[in-house]
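Structural description and commentary
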Amino acid sequence: MDDIYIEKYQNTDFKAVIALLVQSFKSKFSRHQKLSNNDIGNILYASWHLKYDDTAYLHFVAKQNKKVVGVILIRCGKIENTNKNIPIVSLCRRYGIYNVIMMYTKMAMLENHKLNEGECYIEHIAVNGTCRGKGIGMLLLQHGEQALLDRGYTSYTLAVAGGNPAKHLYSRFGFVDIKKTKSHLKGYLIGESRWTIMQKVYNHE
């Protein structure tokens, strides 16, 4: 673990983070669509405008030999509208209206958690497939936790798919189940119909 370190996300990490997300979530992004990894990456790259200084997020990457091998994105505030810069027309021409609409629908479904006061929500956490089992996920969770505690937030929340083995990691870290949901639409579009909302609450007194 000595050669793995966590640091704040920088704009220069953007391409590497997109590639990692495509690798980690390809089965969800490509369901009912004929898109290559490169296609998915290009759509995400054109659609997301994640800046290192965006105060709506806590954003960290895990690196090994200066290479991004893990990422955690935590939403902790109101998101400014950045959709005005998305080249919708050119994306539809290149990848097809159906594919672009499906991608945006899936992205919206995976990011639809409404924050309560004092709450932070993990939009995504991902680790390179060749580096799993090395404790990187735990390091990312710990780093995110310390950052939100330093800022006075009171709860840490995430949504995990029913069959995701990472649920055991979250439980060991102190997350507990607070709500279970079932969505046939999510099941059809991204292949996961059962989801559990998990949360870790802090007392600052």
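In the block above lies the structure referred to throughout.
Criteria and thresholds
- Residues numbered from 1 in each chain as written.
- Predicted model: local features only at pLDDT ≥ 70, side-chain atom pairs only at ≥ 80, totals over all residues.
- Heavy atoms only, no water.
- Helix = DSSP H or I, 4+ residues; strand = E, 2+ residues; numbered from the N terminus.
- Rg over C-alpha atoms; globule rule 2.2 N^0.38 Å.
- Buried < 20%, exposed > 50% of the residue type's maximum accessible area, 1.4 Å probe, protein only.
- Contact = heavy atoms within 4.5 Å.
- Areas by Shrake-Rupley, 256 points an atom, 1.4 Å probe, with all protein chains shown as cover.
- Pairing = 2+ DSSP bridges.
- Axes fitted to C-alpha atoms, helices over the stretch in contact; angles between N-to-C directions.

This next bit is on the overall build of the protein chain. When helices and strands are counted, the protein chain shows seven helices and seven strands. Starting at the N terminus, the α and β elements of the protein chain follow one another as β-α-α-β-β-α-α-β-α-β-α-β-α-β. Taken against the 2.2 N^0.38 rule, which gives 17 Å for 205 residues, the C-alpha radius of gyration of the protein chain at 17 Å falls within 12% of a compact globule. Each principal axis of the C-alpha distribution contributes one length, and for the protein chain these read about 55 × 40 × 35 Å. Buried residues in the protein chain amount to 47% of all 205 residues. A sequence separation of at least 24 residues applies to 73% of the contacts in the protein chain between residues at least 6 apart. When the accessible area of the protein chain is evaluated, it comes to approximately 11,300 Å², of which 50% is carbon and sulfur surface.

This part takes up the side chain of S155. Structurally, the position occupied by S155 is in strand β5 (residues 155-161). Ignoring anything within four residues of it in the chain, the contact list for S155 reads G118, E119, C120, Q199, K200, V201 and Y202.

Here the focus is the sheet that holds strand β6 (residues 176-182). Strand order in this open sheet of seven strands is β1-β2-β3-β4-β5-β7-β6, and the pairing throughout is mixed. For this open sheet the edge positions go to β1 (4-8) and β6, each flanked by a neighbour on one side alone. The sheet shows a mean angle of 25° between the axes of neighbouring strands, taken without regard to direction. The pairing of strand β4 (residues 119-127) with β5 spans three bridges and is classified as parallel. Its bridge partner being in β5, Y121 is matched across the sheet by T157. Seen against the sheet, helix α1 (residues 14-29) touches β2 (57-64), β3 (67-75), β4 and β7 (194-201) and runs at an angle of roughly 85° to β4.

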